[in-house]
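Letter by letter, the chains look like this.
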Protein chains: 2
Amino acid sequence: MKVSVLFSSGKDSSLAAILLEPFFQVELVTISFGIEPTHEVAAESALKLGFPHSVMALPSSCIREAASMLMEDGSPGGAINYLHQQALEAVCSKSHTHVVADGTRRDDRVPLLTMPQVQSLEDRHNIIYIRPLFGYGRSAIDALVKQHLEIEQAQSDKVNKADYEAELRAFIRKQYIEGESIVERSFPSHIQSHVIDRIYH
Amino acid sequence: MKVSVLFSSGKDSSLAAILLEPFFQVELVTISFGIEPTHEVAAESALKLGFPHSVMALPSSCIREAASMLMEDGSPGGAINYLHQQALEAVCSKSHTHVVADGTRRDDRVPLLTMPQVQSLEDRHNIIYIRPLFGYGRSAIDALVKQHLEIEQAQSDKVNKADYEAELRAFIRKQYIEGESIVERSFPSHIQSHVIDRIYH
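The shown structure was predicted, so the numbers you read here are calculated from the model rather than taken from an experiment.

Thresholds, definitions, all that
- Residues numbered from 1 in each chain as written.
- Chains lettered and ligands numbered in written order.
- Predicted model: local features only at pLDDT ≥ 70, side-chain atom pairs only at ≥ 80, totals over all residues.
- Helix = DSSP H or I, 4+ residues; strand = E, 2+ residues; numbered from the N terminus.
- Contact = placed C-beta atoms within 7 Å.
- Core = buried A, V, L, I, M, F, W, Y, C linked by C-beta atoms within 7 Å.
- Buried ≥ 20, exposed ≤ 12 C-beta atoms within 10 Å, placed from the backbone.
- Pairing = 2+ DSSP bridges.
- Axes fitted to C-alpha atoms, helices over the stretch in contact; angles between N-to-C directions.
- Nonpolar A, V, L, I, M, F, W, Y, C, P; charged D, E, K, R; others polar.
- Least-squares fit on C-alpha atoms with pLDDT ≥ 70 in both.
- pLDDT = per-residue confidence, 0-100.
- Parallel < 35°, antiparallel > 145°, perpendicular 65-115°, else oblique.

Trainee: Is there a simple way to explain the overall build of chain A in this structure?
Mentor: Broken down by element type, chain A carries eight helices and seven strands. A fraction of 74% describes how many contacts in chain A between residues 6 or more apart in sequence connect residues 24 or more apart.

Trainee: What should I look at first to understand the nonpolar core in this one?
Mentor: One broad trend across soluble globular proteins is that nonpolar side chains are buried collectively. With 114 residues, the main nonpolar core has Val5, Ala17 and Leu20 of chain A together with Val5, Ala17 and Leu20 of chain B as its most contacted residues. Setting aside residues no more than four positions away along its own chain, Ala17 of chain B makes contact with Val5, Phe7, Val26, Leu28, Leu49 and Phe51 of chain B.

Trainee: In this structure, what is going on with the sheet that holds strand β1 (residues 2-6) of chain A? I would like to understand it.
Mentor: Two strands in a sheet stick together by hydrogen bonds in their backbones, pointing the same way (parallel) or opposite ways (antiparallel). All names here are of chain A. Taken in spatial order, the five strands line up as β3-β2-β1-β4-β5 in an open sheet, and their pairing is parallel. With one partner strand each, in any of the chains shown, β3 (53-57) and β5 (128-130) form the two edges of the open sheet. The average undirected angle you get between the axes of adjacent strands in this sheet is 30°. Examined bridge by bridge, β1 and strand β4 (residues 99-101) share two bridges and lie parallel to one another. The partner of Ser4 across the bridge, within β4, is Val100.

Trainee: Explain the interface of chain B and chain A to me, please; I cannot follow it from the model alone.
Mentor: Often the size quoted for an interface is simply the accessible area lost on bringing the parts together. At the interface, 17 residues of chain B touch 17 residues of chain A. Taken together, the elements giving at least two residues each to the side of chain B that touches chain A come down to β5 (128-130) and α6 (138-148) of chain B. The residue makeup of the side of chain B that touches chain A, split by class, is twelve nonpolar, three polar and two charged.

Trainee: It is not clear to me how unusual backbone geometry should be interpreted in this structure. Could you clarify?
Mentor: Negative phi values dominate among residues other than glycine, just as trans dominates among peptide bonds. With an omega of -10°, the peptide bond running from Val110 of chain A to Pro111 of chain A counts as cis. Relative to the assigned elements, Pro111 of chain A resides in the loop between β4 and α5 (115-125). Of note in this structure, Ser9 of chain A is not a glycine but carries a positive phi near 80°. In this structure, Ser9 of chain A sits in the loop between β1 and α1 (11-20). Even without being a glycine, Asn126 of chain B presents a positive backbone phi close to 50°.

Trainee: Even after reading the chapter, I still don't get the relation of the copies chain B and chain A, so can you show me in this structure?
Mentor: Each copy of the chain is related to the other by a rotation around an axis and a translation along that axis. Of the two same-sequence chains, chain B is brought onto chain A (RMSD 0.0 Å, axial shift 0.0 Å) by a rotation of 180°. Interpreted geometrically, this transformation is the action of a two-fold axis.

Trainee: I keep staring at the confidence of the model for chain A and nothing clicks. Help me out?
Mentor: Low-pLDDT stretches of the model should not have their predicted coordinates read in fine detail. In the predicted model, chain A carries a mean pLDDT of 94, and 100% of its residues have values of at least 70. Confidence metrics for the complex model read pTM 0.96 and ipTM 0.95.

Trainee: Looking at this model, I keep getting lost on the environment of Ser139 of chain B. Mind explaining?
Mentor: Of note, Ser139 of chain B is situated in helix α6. Between the C-alpha atom of Ser139 of chain B and that of Ile127 of chain B, which follows or precedes it by twelve residues, the distance is 30 Å.

Trainee: Explain the packing of helix α3 (residues 61-73) of chain B against helix α7 (residues 164-175) of chain B here, please?
Mentor: Angle between the axes and distance between the axes: these two values describe a pair of packed helices. Residue and element names in this part refer to chain B. Packing of α3 against α7 brings their axes to within 10 Å, and their N-to-C directions diverge by 80°. Looking at the two axes, α3 sits roughly perpendicular to α7. Contact with α3, carried on its side by Ile63, Ala66 and Ala67, involves Glu167, Leu168, Phe171, Ile172 and Gln175 of α7 and no other residues of that element. For the contact of α3 with α7, the per-class residue count stands at six nonpolar, one polar and one charged.

Trainee: What is the right way to read the environment of Asp12 of chain A from this model?
Mentor: All names here are of chain A. By secondary structure assignment, the location of Asp12 is in helix α1. With 22 C-beta atoms counted inside 10 Å, the residue Asp12 sits in the buried group. Distance in space between the C-alpha atoms of Asp12 and Val195 is 9.5 Å, their sequence separation being 183 residues.

Trainee: Would you mind showing me how to read the sheet that holds strand β1 (residues 2-6) of chain B here?
Mentor: Residue and element names in this part refer to chain B. Pairing is parallel in the open sheet, where five strands are placed in the order β3-β2-β1-β4-β5. Among the strands making up the open sheet, the edge pair consists of β3 (53-57) and β5. Strand-to-strand twist across the sheet, computed as the mean angle between neighbouring axes with direction ignored, equals 30°. Strands in contact with helix α1 (residues 11-20) are β1, β2 (25-32) and β4 (99-101); relative to β1, the strand with the most contacts, it is inclined by about 165°.

Trainee: How should I be thinking about the environment of Arg109 of chain A in this particular structure?
Mentor: Within the secondary structure, Arg109 of chain A is located in the loop between β4 and α5. For the pair Arg109 of chain A and Ala79 of chain A, spaced 30 residues apart in sequence, the C-alpha to C-alpha distance is 13 Å.

Trainee: It is not clear to me how the packing of helix α7 (residues 164-175) of chain A against helix α8 (residues 179-186) of chain A should be interpreted in this structure. Could you clarify?
Mentor: All names here are of chain A. Interhelical geometry of α7 versus α8 gives an angle of 145° and a closest axis separation of 7 Å. Side by side, α7 and α8 meet where Arg169, Ile172, Arg173, Lys174 and Gln175 of the first sit next to Gly179, Glu180, Ile182 and Val183 of the second. Considered class by class, the residues forming the contact of α7 with α8 number three nonpolar, two polar and four charged.

The following block contains the structure:
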């Protein structure tokens, strides 16, 4: 069985792919909204992980919409959730796609689909949606990451990563006169990771 | 890393163990409340699966307490949840145990720990609790079971299985004058599975 794993080059989506590897034929898919070439970083990480990788382009209007949501909310949660849903809808709509996975974890609040959203996604697209890390907490994931991945960690705005946040930040910086200060104000600073190599056993 | 997987010989706990196998050193643990020798069935299935297996005895007073809950509730949900919590507490309390897992799934309602219960379990015992199937829905699990397990399916009261329900039913039948009809009335009939062999690839 093939599985398309939404891939940002971060440790969560990388670990999700590794957990699925013994049981599925893993293909990584990175979403690009055409704002910044963040998918290039993802392609490099995918090569290191040893999985086939493709980039799926979504219209930049998604990022515009997400930016409006963020401006209204004053925080990025809703916007990130919206972009993740758009990404899942797109990947689930691809022909010959039957199984789709992502790196969302037990302790994640954003992005996160509710149970009715999960059910609807599976039913409308007639696909299987898997969250391999959904039964894993932070310490379990940290232990597995340490065993299987070499990562680079830094503050979120310093890490080259193909996540929704990166393109959303770039768009706001370009689009709004006060872009830089909106980004600083709206995105809580947190540590992000980016996979630079895989540890084989 | 060793992981102790709560094991009933059903397809869920078996598949949970198989999903963990490439990443952990799996040990199966079956809980026995001393009412019926259901753990013997579990030992046979564990042998077929190729994992080391042990039986952990819990006092039959747990089953007595669960039976009282069932009599009060008129349905087995609360009682099964209580027994699962007792089982997890016992396994997490074993010395040299750092990682504990079970076969609870995305769509399960019972047994199921709430997020605060999960957090409390991990914090009090200083352990990692993993639910490998928690990000998997029914069709994903069915597809994986088909690939990896040979199972026997039948109505829940006809399947030899080392789950909480089996011993709880046996206790009620023995203990209460109207035991048989209480069991028939209280346990919704549903299809249960029991693993009889593993399919190696």
